[in-house]
Amino acid sequence: MLVDLYSDTQTRPSQGMRAAMAAAEVGDEQRREDPTTTELEERVAALLGHEAAVFLPSGTMCNEIAIRLHIRPGGDEVFVGRDAHPLEAEAGGPAVLSGAVITELEGEDGTFVPETLERAIRARPAGSRYAPRPRLVCAEQTANLRGGTVWPLERLRGMLGIVREHGLRAHLDGARLMNAVVASGIEAAAWASDFDSAWIDFTKGLGAPVGACLAGSAELIEEAWRWKQMLGGAMRQSGVLAAAGLYALDNNVDRLADDHNRARRLVEGLAEIPGIQIEPAKVETNIVIFEVPDAEVFVRALESKGVRMGALDARRVRAVTHLDVDDAGIDQALEAARATVPAGVS
Ligand SMILES: *Cc1c(COP(=O)(O)O)cnc(C)c1O
């Protein structure tokens, strides 16, 4: 059987989740008559410490709608951490849908210190006709392409202080927020409630097939509905999907600790293999990023041994643990990596 560490999006809905989906009470979501969708929205709003939430088909749509709501097209600027999802993986959406300039802030692990944000804002003198206008700051919790880093709470709060001081908006990409919650022991609202918008994804470690929920003020979410409609994200009997989200919140959050433990076992094993470069201390959640001499060669060889990982660039490889990879899967991955590295070295 394939051990699929390519991403935590590779999970398949479990029997229990499918049963919950099949049994869901449904109605017309667009008329707000789908009780299961409404329940999920209320649940996520409370979880994130916001007034309201809206169920959307994907996390990408959460980011794109939120950015569009915060930005005034006409030279507004969005600050993001390194390799942030809206910059790397949303098909240029912020430029197309919001007319936004995106500026990436320095910080190896995908987070950034308040001083870095402050310097970037000060580089745009108020009233200048020349500079883009700073408007929005996005934080990714956890920072996906930089190794699943958990933003330290103090750093996040310091960053939000700068945001407020300069009258900007703040958006939390919480695709893996629940991983941060489990890793840190700090509840979701403590991370999310001070942002103007925040969302969680059900299709990453939470194991659902479709869906994400964007939260914010009642006013912001009402506006988000216009964009959900416009972009074709408004559904009908979406309760069958929302039921998977509810099931995930009930059953698949605490168990993220298992994914983190397995990621730790994976990184400790990988660190012992000559030719693999990795700092085990940097692995905090379910994402393991390491370097080999040739990532493409390594990943292809690994796949021939029944283990899938992803090449991020010429040297970096990413492996992500999730609920469809067990301890035996980690053993198999380590065995395959041990047998593969000589090929990658040559
Ligand atoms: C996966 C991901 C998204 C997008 O979510 P989808 O549901 O796949 O559209 C956004 N941000 C981060 C950090 C992600 O990992």
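Before reading on, note that the structure itself is shown above.
Residue numbers here run from 1 along each chain, matching the order of that chain's written sequence. In view of the model being predicted, local features appear only for residues whose pLDDT reaches at least 70, and side-chain atom pairs are presented and counted only at 80 or more, with totals across whole chains, interfaces and linings using the full set of residues. Just so you know, side-chain values use all the structure's heavy atoms and leave hydrogens and water out.

Enquirer: Explain the sheet that holds strand β5 (residues 133–140) to me, please; I cannot follow it from the model alone.
Expert: Each strand in a sheet pairs with its neighbour through backbone hydrogen bonds, running either in the same direction (parallel) or in the opposite one (antiparallel). Across the sheet, which stays open at both edges, the seven strands sit in the order β2-β8-β7-β6-β5-β3-β4 with mixed pairing between neighbours. Only two strands of the sheet have a single neighbouring strand rather than two, namely β2 (52–56) and β4 (101–105). Between one strand and the next, the sheet's axes are offset by a mean angle of 20 degrees, whatever the strand orientation. Bridge analysis of β2 against strand β8 (residues 212–216) gives five bridges, and the strand direction is antiparallel. Counted as the bridge partner of Leu-56 is Ala-212 from β8. Strands in contact with helix α2 (residues 35–48) are β2, β7 (197–201) and β8; relative to β2, the strand with the most contacts, it is inclined by about 125 degrees. Should any heavy atoms of two residues lie within 4.5 Å, those residues are counted as being in contact. In this description, a line fitted to the C-alpha atoms serves as the axis of each element, helices being fitted only across the stretch in contact, and the angle between N-to-C directions of two axes falls anywhere from 0 to 180 degrees. Each helix is a run of H or I in the DSSP string that is no shorter than four residues. Each strand is a run of E no shorter than two, and both are numbered from the N terminus. Along the sheet, helix α7 (residues 153–165) contacts β5 and β6 (169–174); its crossing angle with β6, the most-contacted strand, is approximately 150 degrees. A pair of strands is treated as paired once DSSP finds two or more bridges between them.

Enquirer: Please explain the pairing of strand β3 (residues 76–81) as it appears in this structure.
Expert: Every regular strand shows the same layout, with side chains that alternate between the two sheet faces. Buried residues are those whose accessible area, probed at 1.4 Å on protein chains only, stays under 20% of the maximum for their type, while exposed residues exceed 50% and partly exposed ones sit between those limits. Of all six residues in β3, six are buried; the element is thus mostly enclosed. Side-chain alternation along β3 places Asp-76, Val-78 and Val-80 on one buried face and Glu-77, Phe-79 and Gly-81 on a second face that is also buried. Examined bridge by bridge, β3 and β5 share four bridges and lie parallel to one another. Each residue of the ladder has a partner; that of Phe-79, found in β5, is Val-137. Here β3 pairs with β4 via five bridges, running parallel. Along β4, the bridge assignment pairs Val-78 with Ile-102.

Enquirer: Explain the site of the ligand here, please?
Expert: The criterion for a residue being near a molecule or strand is simple. One of its heavy atoms has to lie within 4 Å of it. Every one of the 14 residues lining the ligand counts as a neighbour, but Gly-59, Thr-60, Asp-173, Asp-201 and Lys-204 are closest to it. A distance of 2.7 Å is found between an oxygen atom of the ligand and a side-chain nitrogen or oxygen belonging to Thr-60. For the purposes of these results, a polar contact is taken to be a pair of N or O atoms within 3.5 Å, where, inside protein, one atom must be able to donate a hydrogen and its partner to accept one; residues adjacent in sequence count only when each atom of the pair is a side-chain atom. Side-chain polar atom of Lys-204 to an oxygen atom of the ligand: 2.9 Å apart, as the coordinates give it. Shrake-Rupley sampling with a 1.4 Å probe provides the accessible areas, and residues are treated as covered by the protein chains on show and by no other component. When the free accessible area of the ligand is taken as 370 Å², the share hidden by the protein chains comes to 88%. When contributions to the shell around the ligand are tallied by element, the ones reaching two or more residues are α3 (59–70) and β7. A total of three residues in the shell around the ligand trace back to one element, the largest contributor, which is α3. Residues that form the shell around the ligand fall into these classes: two nonpolar, seven polar and five charged. Charged means Asp, Glu, Lys or Arg here, nonpolar means Ala, Val, Leu, Ile, Met, Phe, Trp, Tyr, Cys or Pro, and polar covers whatever is left, Gly included.

Enquirer: Teacher, can you tell me more about a nonpolar patch on the surface here?
Expert: A grouping of Val-96, Leu-97, Met-230 and Leu-231 is seen on the molecular surface, where their side chains present a nonpolar patch of about 360 Å² in accessible area. Mapped onto the elements, Leu-97 comes out in helix α5 (residues 93–98). Note on patches: the residues involved have over 30% relative accessible area and no salt bridge, like charges join within 9 Å, and the nonpolar side chains Val, Leu, Ile, Met, Phe, Trp and Tyr join within 5 Å. A side-chain nitrogen of Lys or Arg and a carboxyl oxygen of Asp or Glu constitute a salt bridge if their distance falls within 4 Å.

Enquirer: Whenever I open this one, the environment of Ala-339 confuses me. Can you help?
Expert: Tracing the chain through its elements places Ala-339 in helix α14 (residues 327–345). As for Ala-339 and Pro-114, which are separated by 225 residues in sequence, their C-alpha atoms are 44 Å apart.

Enquirer: Any chance you could explain the packing of aromatic side chains here in plain terms?
Expert: In this description, an aromatic ring pair is defined by two values, namely the gap between the centres and the angle between the planes. To pair, rings of Phe, Tyr and Trp, with the six-membered ring standing in for Trp, must have centres within 6.5 Å; the planes then decide the type, stacked if under 30 degrees apart, edge-to-face if over 60, and tilted in the middle. Inspection of the entire model under this criterion finds two aromatic pairs. Summarising the aromatic geometry, the rings of Phe-112 and Trp-151 are spaced 4.9 Å apart at their centres and angled 85 degrees between planes, so their arrangement reads as edge-to-face. With Phe-112 in the loop between β4 and α6 (114–122) and Trp-151 in the loop between β5 and α7, this pair connects stretches of sequence that are 39 residues apart. By relative accessible area, which is 1% here, Phe-112 ends up buried.

Enquirer: Got a minute to help me understand the packing of α3 against helix α10 (residues 218–230) in this structure?
Expert: Relative orientation and spacing of two packed helices are given, respectively, by the angle between their axes and the distance between those axes. At a minimum axis distance of 10 Å, the contact between α3 and α10 shows a crossing angle of 120 degrees. For the pair α3 and α10, the crossing hand works out as right-handed. Only Leu-220, Glu-223, Ala-224, Trp-227 and Lys-228 of α10 make contact with α3, whose side of the interface consists of Ile-65, Arg-68, Leu-69 and His-70. Classifying every residue of the contact of α3 with α10 gives five nonpolar, one polar and three charged. The handedness criterion is simple: a crossing whose near helix is rotated anticlockwise from the far helix by less than a right angle is left-handed, and one whose near helix is rotated clockwise is right-handed.

Enquirer: What exactly am I supposed to notice about the packing of α2 against helix α11 (residues 239–251) here?
Expert: Where α2 contacts α11, the axes come no closer than 8 Å and their chain directions differ by 40 degrees. As summarised for this structure, α2 and α11 are arranged oblique, according to the angle between their axes. Here the hand of the crossing between α2 and α11 comes out left-handed. For the pair α2 and α11, contact is made by Thr-36, Thr-37, Glu-39, Leu-40, Arg-43, Val-44 and Leu-47 and by Gly-239, Ala-242, Ala-243, Gly-245, Leu-246, Leu-249 and Asp-250, respectively. By the definition adopted for this analysis, an angle is roughly parallel if under 35 degrees, roughly antiparallel if over 145, roughly perpendicular if from 65 to 115, and oblique otherwise.

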